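Below are the chains, spelled out letter by letter.
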Amino acid sequence: MTRERTVNLVLLLLVPAAALAAQAIGETFYVTLATRIAILALAATGLNIALGLGGLVSFGHAAFFGIGGYAAGILATHAFNQEPLLFGLPGSKQMLVIWLTSLVASGLVAAVIGAISLRTSGVYFIMITLAFAQMIYYFAISWPAYGGEDGLSLYVRNSFPGLNTLDPMTFFLICYGLLVLGLLVFATLRASRFGTALQASRQNPTRVAAVGITPYRIRLVAFILSGMVTAIAGALYADLNRFVSPSMLSWHMSGELIVLIILGGTGRLFGPLAGAILYILFEFVLGGLTESWQLFLGLILLGVVLFARGGLIGLLAGKERHG
Amino acid sequence: MAEPVLDIRSLKKSFGAVVATDGVSLDLREGEIHALIGPNGAGKSTLIHQIAGTIRPDSGEIRFLGQDIGTLGVAERARLGLGRTFQVSSLAHEFSALRNVMLAVQGSQGSSFRFFRPVMDDASLKEPAMAALERVGLANRAGIPAAELSHGERRQLEIAIALALGSRAFLLDEPMAGMGPEGSQALTAFLDGLRQEAPILLVEHDMEAVFALADRISVLVYGRVIATGSVEEIRNNPTVREAYLGEPA
């Protein structure tokens, strides 16, 4: 087993082990913390498809995170009030329905944002994705039907067939299960023909075109898949907090996802999980000591960028080897 | 006579006041090596860029296998079978030599929207890629990342990629550049056999290689083709000697 695999396996077992231990001593607060780690890691795993594999620095992934969140909030609200949604369709409290809606909605929005932004590159791409996300953010703020600036509360956590989602451990396992699924999607994509073309488009788009592959199409599909994975995380986040607000759509959130990936290791399978663990720990430990914990996070990020380009995974497992 | 594989007619391209390509016409026929020579700044690279599709000509026509390809993008031209190598090696530097060639096989199959099967277990990619590496003598370096290959090996890898693309014509932009004498000789011998598979438009500064290989030579000076002919004709052409080979007529 390579060193990276060992590190990955340890990370994979660490979070559920911590959650189970917390459950055993009756500290369910820590189970919630582990759930946040799982959800943020899933959101960042989505972004890692675009950013890590494709080199597409999207500064607008909060849009997809928020779309997932609002899908959960809006469907649940309609179901609760027994008001029909669109075309007489009812709302829903079923997570499976909400996830499917999140996937479709985020996929469509990502197709539009991607089709336009991917015509640019570098700093223009960053700015255009940011601009799109901010447009959606301001739209949510000014849409009183769903709470506007105040956001939208979910009266009760949505349900999953056969499970009691109100139990913190059960909900954690749902989130963690989806994270593992997201990691499988990432790993499968990365090794596939599509992933080969995507990674080559990051390394050398001229070469990719010269062998008959159009980088634009590859990137567009990657951007859509990336947004869809992040949206699922958004739906879970709404269920965790039983609350959705425009802050899920704000550029802070987009930045946070990028920071997670850089901390953990850009393009690495377990980079997002490593980053999410670090981020939540910093927030919890440093945040307990000082209000300005983000200052210290900034310093750590600076250190990572200057001295440990591969993030935590790079530090522990060394340089990445491709096939 | 059969239609040429690649047929360029009255191609023009200016950058502001500089006319880089000034009414160039030339063709590439089945089975031949057509060398394109000329001093630095003669517009060889600009011409290659227009054939490959990275630069759009202002006017003129480029026909490939009987089809006007002037409006097609780079990737579409490559899919039709226009295999090029770059003057400065252009590779996916993190990938191994093998995966670089596999990317070309994948491109030629038009199968990049497959999301599940790992490429490294895929014999339909691996076998043709290994075969191409073997032909250029890089098989023992298949697993090495492109970034860690030597300069000469990268040049070989560029050729292997063009082979794996199943090219119907090769566009080789200074394949010998920076290679030692041994490497040049080996490559010359290899290209000599390659012309039977697909014709080669060869831009090259190494005159020894050009004179050894070319069936025809075109001389480009200030964006114009001043002469086209056999090696002997070009060698004895007074205009060429004056303009390019640096000897007074």
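The following paragraphs examine the structure supplied in this document. (Residues numbered from 1 in each chain as written. Chains lettered and ligands numbered in written order. Predicted model: local features only at pLDDT ≥ 70, side-chain atom pairs only at ≥ 80, totals over all residues. Heavy atoms only, no water.)

This part covers the sheet that holds strand 6 (residues 82-85) of chain B. Residue and element names in this part refer to chain B. The strand order across the open sheet formed by six strands is 6-7-8-3-9-10, and the pairing between neighbours is mixed. Edge positions in the sheet fall to strand 6 and strand 10 (224-229), since each has one partner strand and no second. The average undirected angle you get between the axes of adjacent strands in this sheet is 15°. Relative to strand 7 (residues 169-173), strand 6 is paired through four bridges, and the arrangement is parallel. Paired with T85 across the bridge in strand 7 is L172. (Pairing = 2+ DSSP bridges. Helix = DSSP H or I, 4+ residues; strand = E, 2+ residues; numbered from the N terminus. Axes fitted to C-alpha atoms, helices over the stretch in contact; angles between N-to-C directions.)

Moving on, we get to the pattern of salt bridges. For the structure on display, the rule yields 21 salt bridges over all chains. Here D122(B) and R193(A) are joined by a salt bridge, their closest N and O atoms 2.7 Å apart. Of the two residues, D122(B) is situated in the loop between helix 3 (97-109) and helix 4 (123-136) and R193(A) in helix 7 (residues 193-203); the pairing between them involves two chains. Overall, D122(B) belongs to the buried group, its relative accessible area being 2%. (Salt bridge = Lys/Arg side-chain N within 4 Å of Asp/Glu carboxyl O. Buried < 20%, exposed > 50% of the residue type's maximum accessible area, 1.4 Å probe, protein only.)

So, about the pairing of strand 4 (residues 59-64) of chain B. Residue and element names in this part refer to chain B. Summarising the sheet, strand 1 (residues 6-15) and strand 4 pair through five bridges and their orientation is antiparallel. Residue pairing in the sheet places L6 in a bridge with F64 of strand 4. Pairing of strand 4 with strand 5 (residues 67-68), which is carried by two bridges, proceeds in the antiparallel orientation. Bridged to F64 within strand 5 is Q67. From the end of strand 4 to the start of strand 5, which pair antiparallel, there are two residues, and L65 there has a positive phi angle of about 50°.

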